[in-house]
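Structural characterization, general
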Number of protein chains: 6
Amino acid sequence: MKKLVLTGAAGRLGSYLREPLSKMCDALVSTDRVADIGKTYPGERFVQADLTDLGAMEDILDGADMVVHFGAIGDEAPWGDILQSNIIGAYNVWEAAHRKGVRRVVYASSVHAVGMHSKTDVITLDAPHKPDTYYGLAKCFCEDLASLYWDKRGVESVCMRIFSCAQVNNARALGTWLSYDDLIQLVQRSIDTPVVGFTKVWGISNNDRVVVDNSKAAHLGYRPKDNAEIFAPEILADTPPLDNKDPANMCIGGPFATVELGNSGVAALNVVDDRKQT
Amino acid sequence: MKKLVLTGAAGRLGSYLREPLSKMCDALVSTDRVADIGKTYPGERFVQADLTDLGAMEDILDGADMVVHFGAIGDEAPWGDILQSNIIGAYNVWEAAHRKGVRRVVYASSVHAVGMHSKTDVITLDAPHKPDTYYGLAKCFCEDLASLYWDKRGVESVCMRIFSCAQVNNARALGTWLSYDDLIQLVQRSIDTPVVGFTKVWGISNNDRVVVDNSKAAHLGYRPKDNAEIFAPEILADTPPLDNKDPANMCIGGPFATVELGNSGVAALNVVDDRKQT
Amino acid sequence: MKKLVLTGAAGRLGSYLREPLSKMCDALVSTDRVADIGKTYPGERFVQADLTDLGAMEDILDGADMVVHFGAIGDEAPWGDILQSNIIGAYNVWEAAHRKGVRRVVYASSVHAVGMHSKTDVITLDAPHKPDTYYGLAKCFCEDLASLYWDKRGVESVCMRIFSCAQVNNARALGTWLSYDDLIQLVQRSIDTPVVGFTKVWGISNNDRVVVDNSKAAHLGYRPKDNAEIFAPEILADTPPLDNKDPANMCIGGPFATVELGNSGVAALNVVDDRKQT
Amino acid sequence: MKKLVLTGAAGRLGSYLREPLSKMCDALVSTDRVADIGKTYPGERFVQADLTDLGAMEDILDGADMVVHFGAIGDEAPWGDILQSNIIGAYNVWEAAHRKGVRRVVYASSVHAVGMHSKTDVITLDAPHKPDTYYGLAKCFCEDLASLYWDKRGVESVCMRIFSCAQVNNARALGTWLSYDDLIQLVQRSIDTPVVGFTKVWGISNNDRVVVDNSKAAHLGYRPKDNAEIFAPEILADTPPLDNKDPANMCIGGPFATVELGNSGVAALNVVDDRKQT
Amino acid sequence: MKKLVLTGAAGRLGSYLREPLSKMCDALVSTDRVADIGKTYPGERFVQADLTDLGAMEDILDGADMVVHFGAIGDEAPWGDILQSNIIGAYNVWEAAHRKGVRRVVYASSVHAVGMHSKTDVITLDAPHKPDTYYGLAKCFCEDLASLYWDKRGVESVCMRIFSCAQVNNARALGTWLSYDDLIQLVQRSIDTPVVGFTKVWGISNNDRVVVDNSKAAHLGYRPKDNAEIFAPEILADTPPLDNKDPANMCIGGPFATVELGNSGVAALNVVDDRKQT
Amino acid sequence: MKKLVLTGAAGRLGSYLREPLSKMCDALVSTDRVADIGKTYPGERFVQADLTDLGAMEDILDGADMVVHFGAIGDEAPWGDILQSNIIGAYNVWEAAHRKGVRRVVYASSVHAVGMHSKTDVITLDAPHKPDTYYGLAKCFCEDLASLYWDKRGVESVCMRIFSCAQVNNARALGTWLSYDDLIQLVQRSIDTPVVGFTKVWGISNNDRVVVDNSKAAHLGYRPKDNAEIFAPEILADTPPLDNKDPANMCIGGPFATVELGNSGVAALNVVDDRKQT
């Protein structure tokens, strides 16, 4: 692997990926719209760029083997913002990849593309899209975009539907946790698997209480090692009875299943802390 | 039904719907971005408006019971154009419907949302999205948008996946034809069915050689009457052997399955006539 | 066919079946717990009996080829009543059939065995039980009882899941109507099909707006002729907008999906007229 | 269509196809291992040949557009005979088609490839193979052969799983009848459909009591017109109660489900008349 | 958890649960129809009661958070006995739970609700009911009852389909064993999972030769630790060839698949020892 | 187990099985068409025989409990050779087993029976046959033959679809490896499971990158221990980018998906080394 590109390198998850990605290639180009991401790792180079600038994306992807695309607003947001970063920005990434002959996009999709499904359904990767927010709707869009670019242009994609990649501090996360180590394994496998075509995969750890079925992505070789059950005794002891008619508790999207859609402007957006874990 | 709104009233299919829709309600508001749609039918009123103007959409949908949304670019087009009309425009329709308490969106989705599926698979309505063009990708987006607005905001939608609503003049259309009468029946049922939630349905006539399975939409009561087989002898006599490795012949999206994605500008878009029938 | 037995002969649907059944056999024994069912048809004989009396059932089924079992409380009722008539009574019918070597039970099951499924799901006959009332729960019990008697004792059963066999006077019935003629055809096919094992079938007419998929019962040869769509214009004109969050409108069980379970005694049971059509 | 080849032209079903096939092409070459098939139709030419002779098959298929392959032993037979005619002979047909650039094989497969499935299962075309005889086993082989030649060599095939193409004279045939007219329609559609790839289809009429689901072959446009139900009153009146534990009555293969496998030589083969209808 | 209720506390499995349950709550009320269950654990209180007494059940469930319902006849028995304990008794438990606002019923369902399925089918939790005995029929009834109380009244249930919770002493148990430790884990997860709605789960250990697929219950977090394979060498060495046409060997219900239905009175019931393991 | 028979005892995989099989029975009869297989193990006896000789097979299977059938051409070969060894030879094994009352055939089927499926589909054991070669076609035939002999004659079979049982030396094998130890476990379980009827199972190790789903064979108790991932770093480092449009890289059959069918004679067969691992 000569050259890898990471978008969203300044983001919470992007930051974690910089070091392991830098070890998987000769040259890692990390990009974000912020001006600076601090000290770079050996082999890493930072380029400031905005996803909404197709020309800039083309420049950055020139000569790259693959792009790991984590650049996007990472939470529910007003429609206009999601449109710019998460839809138009994504189009630019796939289109630039196509124009520059990049083999594969490894993409941070999300449970929120299917967040309105019930957790007692334990859905497979083939379950229909059922987004819970504009954020999730944009993830749906990107998965369909990835499908299109594979079928029509031969650009491969792995759509990693990331669950709760954050500290485990509530009952839902016992089922939805994705540890940082497992995230890194998942990204690695998405990169090192020789042929992936268009692949979807649940980004979730080996939790006892896992709420989805990953069997349709077995070819990717992702075998998570961590298990949120170690946090169960403490968390369950602190969990009051939950309202079992509340979509936030019944749907795999969790709090996103009830959050107001982000169409009224940032100030009006009632973002609860818990959603940060998606 | 007091008030219905029709978008895309000047379009090819929209034009056909104006008269029947005007008979299904007290007041039909037909809208399009063109300046004029000619003589109006009894009960019909024309309002010029652009789908990309949310405020205008809100004004038009104020007090409406339902909106029949056919306004969009009706063919593959450059990404930037699809984005404006078929994605942002659609968001505006559903958002305006929500803000104004409109009960339902009856939407002209398309086979091209799933056009890369093989015709020998005879897929059901639950088959995953598999778009063949930006045009189809936007249809995928709208279906997911419709799903979101039902789950989160209670706006109902019927997504009619329209096949080839045009003259039957090639072998593919023997399987994919949607007659104008059947289109009208489908729209009527999508309107008069008391409760639809989020419903997808294939917009296709009762062709012998139908390439999809509509059983999952039975509750809508759509029972097409026309059958393209009457055109078969003449058309098949004129059809040379078709390349069975060509996606245009194997995929249900037909020529869209091979057309270049519309990302290089209008002039560069190589639109073949046949695609007009989608 | 030498001898047929009909239970529930005085009931609303049972009454309709007496004449056609009397023509399908040498001797029809009609039974009910009421004292009298009026004039008998040629070949018909009435025997008063209570389903809860196993001995009486054995006497009546002695020498019969098949039993058409319609005897039961035909509406939601207090648990204790359902238990006696619809559970214990049904056990007695199957057990008596077994003891007397009766080949087959043709049983009036009901949509209410699966009434909590959504109408937009258009379920097949394999969908899991999802009862909406004690009435429906007893139907579930009988279907499982029928399965058991086939697997363990070789008594065949056809479980006809009857929808709305009554006058079409509301929007739901446009999808759920079972005409009397189609009921009679269904019962005939359930009797004359040489081998049925354990078969479930939707008892529904050929309505445009049918809400279930009968393809798994094709071997029975039931082809309904009537279509409630002829009533659609008048009924839909009189139908106000329906609450699409109300299970009575969204579930195939209709009003039963919201009716109070019948556990507080007859007087307290709030039976709406519409439910009579189940 | 310039040239069509028909194998098994002297067989019971082959004989029926000669005239209609002769009208579908400029030149029909009918072949069989018998010496003579009588008077030929306009455009028809007879060539005696044995399927087990690959060279002969190559000569006959030279220049053909398609081959309609009905040549085989049409009943259960000793393994050695099935092997020669129905396995080796079939290989020769597909291999000759490949060598000579023939576009498509229209093949007389049979219900007996899946004859051990229960009729109450109403299987789709995707159900696993479950042969009931050596005869059925050879049909399985040919379907897999057809799959291989499509995937690896681009030779198209339609595998028509023919049921009971004969006079309706027993209860099973009420469900399994394929009328001659419907057979001809099926063959025509298998020929005139422009692209088929590898397609399986049930060869069965529009019987009320049909025991399989043809929805996965909808693209072929086969819409049978005949219905064995017209024979039902007479046949059912003459049908004694059938043993519902006997595979001959429960399985869709009918009598083949219980017939001894043909491995002991012709003389020892206990062929019942009814099987002739397969 | 303030108060838990255990029914069937004197039963074989109930006895095992008393101690672990007493540690999961402030107060455990153990109940059974026997007069005494011996020494109680800290926090445990015994109340004698009969399941068939609804008033008694209401008294006992008053103020409880959940009820663990193991009270029932634990083997095939005459219909009249099953009716009283396993059907009417179960109704009383769910109804009392509803009346007293109890959140959840954790229920000892059984493999025998689906015992007539073949072990080579490796069914999922969605497979249709297929009971093997009156005992299994009552389990079916309770699962449907649980479904009804969730859909209509918001009482949650976990239906644990317990396999062979006993010493491993025959070949079947190598696949069907549920160790006591795994039973306890399963009950714990059924209690501590914050939201379960209506959940079914196979109660089976992590046996190599497991005969069912638990993936649809993954959200419950049940991860069995024990594996009957440790007993395999000894048991298989002692196992003679088994009749592979005998339902007792082919069906997942094991001996129950052939046992006579319990309808002739206790004395006549031919109970084999092996069935004790269900 | 008194007597076991192993066919193909001189083959690559057969050789590995001789010792473990000799320990599982009183007498192992190893057979092959070669003249000698070297030193025998305690309890083992070698008999030279050709699979194409039914009489010889009958003699060898006389008195045997089971036969482990690995005798066949182990690679793509000309049709005539496959026909003799892999089709006729297999028929002889099952037929001899039937004639001699042998309980079970444990059969070396292959991934190549379904090799044209895409690896990103992660198919279950129920996926349709989709052979990639004559070699694979013969495996399909044998599986159907096994199905027939179980349904009609009660001869049990386990069809082990063996993947790459050889040294791991390419990227594909990371997903498809079957270690020798796991092969032995699989054969043991196929033998020691008391009842198997007709069972298919994937013969594959516990590789991270496994490309199929074995859940439908859970009853067999096969739990592979080895994992090719230990070879991943070295192999992936040496793997150049693979053509993701090449069936050899996309299909689970690997190189067989593109190899020329073996119909032109041995000399013309272009066998690449990698295929040796199948």
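Scroll up for the structure.
Below is a summary of the structure that appears in this document. Keep in mind it's a predicted model, so treat the numbers as computed, not measured.

What follows deals with the arrangement of the chains. In this assembly chain B lies apart from chain F, the nearest approach of their C-alpha atoms being 13 Å. Chain C shows no contact with chain F. Their nearest C-alpha atoms sit 19 Å apart.

With that settled, the discussion passes to the relation of the copies chain A and chain B. With an axial shift of 0.0 Å and an RMSD of 0.0 Å, the rotation relating chain A to chain B amounts to 180°. The symmetry that links the two subunits is that of a two-fold axis. Minimal C-alpha distance to the rotation axis in chain A is attained by Phe141 of chain A, lying at 2.9 Å.

Turning our eyes to something else, we now look at the side chain of Ser179 of chain D. Residues and elements named next belong to chain D. In this fold, Ser179 is placed in the loop between helix 5 (171-176) and helix 6 (180-192). Within the structure, the side chain of Ser179 is placed 2.6 Å from the side chain of Asp226, a separation counted as a polar contact. Apart from the residues lying within four places of it in its own chain, the contact partners of Ser179 are Cys165, Ser205 and Asp226.

Moving on to the sheet that holds strand 7 (residues 198-203) of chain A. Residues and elements named next belong to chain A. A sheet is described by the order of its strands in space; here 7 strands give the open sequence 3-2-1-4-5-6-7, paired in parallel fashion. With one partner strand each, in any of the chains shown, strand 3 (44-48) and strand 7 form the two edges of the open sheet. Direction aside, neighbouring strands of the sheet carry axes that sit 20° apart on average. Here strand 6 (residues 156-162) runs beside strand 7; their pairing, made up of 6 bridges, is parallel. The residue bridging Val158 from the neighbouring strand is Thr199, located in strand 7. Relative to strand 6, helix 6 (residues 180-192) is tilted by about 165°, and along the sheet it contacts strand 1 (3-7), strand 4 (66-69), strand 5 (104-110), strand 6 and strand 7.

On to the pattern of salt bridges, then. Going through the model one piece at a time under the given rule, you end up with 90 salt bridges over all chains. Across the salt bridge formed by Asp208 of chain F and Arg189 of chain A, the nearest N and O atoms sit 2.9 Å from each other. Taken as a pair, Asp208 of chain F in the loop between strand 7 (198-203) and helix 7 (232-237) and Arg189 of chain A in helix 6 lie in two separate chains rather than in one. A residue is classified by how much of its surface remains accessible, and Asp208 of chain F, at 7% relative accessible area, is buried. A salt bridge links Arg18 of chain B to Glu44 of chain B, with the shortest nitrogen-to-oxygen separation between them at 2.6 Å. Taken as a pair, Arg18 of chain B in helix 1 (residues 12-23) and Glu44 of chain B in strand 3 (residues 44-48) lie far apart in primary sequence, 26 residues in all. Take Arg18 of chain B and Glu44 of chain B: they sit in the same class, and that class is buried. In the salt-bridge network here, residues are joined through shared partners; they are Arg189, Asp192 and Arg223 of chain A together with Asp208, Arg209 and Glu229 of chain F.

A separate point is the packing of aromatic side chains. Enumeration over the complete set of coordinates arrives at 57 aromatic pairs over all chains. Residues Tyr135 of chain D and Phe256 of chain D carry aromatic rings whose centres are separated by 5.9 Å and whose planes lie at 70° to one another, so their mutual orientation is edge-to-face. In this pair, Tyr135 of chain D is assigned in helix 4 (residues 134-153) and Phe256 of chain D in the segment after helix 8 (247-250), connecting sequence segments 121 residues apart. Tyr135 of chain D gets classed as buried once you look at its relative accessible area, which sits at 7%. Aromatic ring contacts, followed pair by pair, group Trp79, Tyr91, Tyr134 and Phe141 of chain A together with Trp79, Tyr91, Tyr134 and Phe141 of chain B into a single cluster. For Lys245 of chain C, the ring lying beneath its charged end belongs to Trp150 of chain B, and the centroid distance is 4.1 Å.

Taken together, the contacts link 31 residues of chain A with 31 residues of chain B. A combined buried area of about 2,700 Å² lies between chain A and chain B, and 61% of that area is made up of carbon and sulfur atoms. Considering only the side of chain A, the residues that lose the most area to chain B are Trp79, Leu148 and Lys152 of chain A, jointly responsible for 21% of the buried surface there. Inspection of the region where chain A meets chain B yields 2 salt bridges. Those elements giving two or more residues to the side of chain A that touches chain B turn out to be helix 3 (79-99) and helix 4 (134-153) of chain A. Looking at which element gives the most residues to the side of chain A that touches chain B, the answer is helix 4 of chain A, with 12 residues. Of the residues assigned to the side of chain A that touches chain B, the class counts are 18 nonpolar, 5 polar and 8 charged.

Reading the values: rules and limits
- Residues numbered from 1 in each chain as written.
- Chains lettered and ligands numbered in written order.
- Predicted model: local features only at pLDDT ≥ 70, side-chain atom pairs only at ≥ 80, totals over all residues.
- Heavy atoms only, no water.
- Contact = heavy atoms within 4.5 Å.
- Least-squares fit on C-alpha atoms with pLDDT ≥ 70 in both.
- Helix = DSSP H or I, 4+ residues; strand = E, 2+ residues; numbered from the N terminus.
- Polar contact = N/O pair within 3.5 Å; in protein donor to acceptor, adjacent residues only side chain to side chain.
- Pairing = 2+ DSSP bridges.
- Axes fitted to C-alpha atoms, helices over the stretch in contact; angles between N-to-C directions.
- Salt bridge = Lys/Arg side-chain N within 4 Å of Asp/Glu carboxyl O.
- Buried < 20%, exposed > 50% of the residue type's maximum accessible area, 1.4 Å probe, protein only.
- Phe/Tyr/Trp six-rings, centres within 6.5 Å; stacked < 30°, edge-to-face > 60°.
- Lys NZ or Arg CZ within 6 Å of the ring centre and 35° of its normal.
- Buried area = accessible area lost by both parts, 1.4 Å probe.
- Nonpolar A, V, L, I, M, F, W, Y, C, P; charged D, E, K, R; others polar.

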